[in-house]
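Inside the fold
Letter by letter, the chains look like this.
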Amino acid sequence: IQFPFSSEVPVERYGYIEVLSHEDGCMDDVRLMNNAGHLYNHNWDILLGRITKAWITEKVAWVEVQLTNAIDVASHIQRIAEGILVNVSFGYEIIGNMSLLKKGENGQPDTYIAKKWRPYETSSVMVPADYTVGLGRSRDLEEEIELEVEGTECESVEETAIDTTEITAATTEPTEPVKNKNEND
């Protein structure tokens, strides 16, 4: 199966908004093209298939996945086949620094762009960060969010000089539990 797994839709992270640039050369697909897994809900122990191809076209990243016939995941594969489990997500790392794309106004968070990023898995998920991608759909032009900014071209980054101290990669979890507003102290 083939499906889009990433776009330039801004995604809210832990205190900031993140955009992954999909210009030529921004996505490093070396890990995807080394038999990376297609998982269920990012669980490394629930392998639904393997990625056989990855590419970017029209600022949307796509993969081709060979699904497994393994009996232990048959119910997940069945939900994919039925069109029930259609949302996708992916694990990735930011290579180098992110650049400020837009300063937040009126209490809104700043927006940063990652000009070099490396995905290492895709997942069928219940709740995606980017609702415009997934199985059986492509981006609808009426819903497309366009960022009218200059300077989104990819950077050439040497991996030995990585500095990610300014922004934490989007795949990390918060270090402290988040309290529900309705919880008593």
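See above for the structure.
This write-up is about the structure you can find in this document. Since this is a predicted model, take the numbers as computed values, not measurements.

**Examining the overall build of the protein chain**
- The number of helices and strands found in the protein chain is 1 helix and 10 strands.
- Each helix and strand of the protein chain, ordered N terminal to C terminal, gives the series β-β-β-β-β-β-α-β-β-β-β.
- For the protein chain, with 185 residues in total, the buried portion stands at 39%.
- Of the contacts made within the protein chain by residues no fewer than 6 positions apart, 71% connect residues no fewer than 24 positions apart.
- With the model as given, the accessible surface of the protein chain reaches about 11400 Å², and the carbon-plus-sulfur share is 45%.

**A look at the side chain of His 76**
- Looking at where His 76 falls in the secondary structure, it is placed in helix 1 (residues 74-82).
- Among the residues examined, His 76 registers a relative accessible area of 12% and is labelled buried.
- When residues no more than four places from it in sequence are discounted, the contact partners of His 76 are Tyr 40, Ile 46, Leu 48 and Leu 85.

**Comments concerning the side chain of Asp 110**
- With respect to the helices, strands and loops of the structure, Asp 110 is situated in the loop between strand 8 (98-102) and strand 9 (111-114).
- A polar atom in the side chain of Asp 110 sits 2.7 Å from the backbone nitrogen of Gly 104.
- Ignoring anything within four residues of it in the chain, the contact list for Asp 110 reads Tyr 16, Ile 17, Leu 100, Lys 102, Lys 103 and Gly 104.

**Side note on the pattern of salt bridges**
- Within this structure, the stated rule accounts for 7 salt bridges.
- One salt bridge connects Arg 31 with Glu 93, and the closest N-O pair in it is separated by 3.8 Å. Within this pair, whereas Arg 31 is found in the loop between strand 3 (17-20) and strand 4 (37-40), its partner Glu 93 is found in strand 7 (residues 88-94), the two being separated by 62 residues in sequence.
- A relative accessible area of 42% means that Arg 31 is categorised as partly exposed.
- Between Lys 103 and Asp 110 there is a salt bridge whose closest N-O contact spans 3.3 Å.

**Points about the packing of aromatic side chains**
- Following the criterion strictly, the structure yields 6 aromatic pairs and no others.
- Measuring from centroid to centroid gives 6.0 Å for Tyr 16 and Tyr 112, while their planes differ by 90°, and the two rings are edge-to-face. Separated by 96 residues along the polypeptide, Tyr 16 in the loop between strand 2 (11-12) and strand 3 and Tyr 112 in strand 9 bring together distant segments of the chain. A single burial state applies to Tyr 16 and to Tyr 112, both of which are buried.
- Arranged with centres 6.2 Å apart and planes meeting at 10°, the rings of Trp 55 and Trp 62 form a pair that is stacked.
- Taken together through their ring pairs, the aromatic side chains of Phe 5, Phe 90, Tyr 92 and Trp 117 make up a single cluster.
- In this structure, Lys 53 is placed above the aromatic ring of Trp 55, and the distance from its NZ or CZ to the ring centre is 4.9 Å.

Each value, and the rule that gives it
- Residues numbered from 1 in each chain as written.
- Predicted model: local features only at pLDDT ≥ 70, side-chain atom pairs only at ≥ 80, totals over all residues.
- Heavy atoms only, no water.
- Helix = DSSP H or I, 4+ residues; strand = E, 2+ residues; numbered from the N terminus.
- Buried < 20%, exposed > 50% of the residue type's maximum accessible area, 1.4 Å probe, protein only.
- Contact = heavy atoms within 4.5 Å.
- Areas by Shrake-Rupley, 256 points an atom, 1.4 Å probe, with all protein chains shown as cover.
- Polar contact = N/O pair within 3.5 Å; in protein donor to acceptor, adjacent residues only side chain to side chain.
- Salt bridge = Lys/Arg side-chain N within 4 Å of Asp/Glu carboxyl O.
- Phe/Tyr/Trp six-rings, centres within 6.5 Å; stacked < 30°, edge-to-face > 60°.
- Lys NZ or Arg CZ within 6 Å of the ring centre and 35° of its normal.

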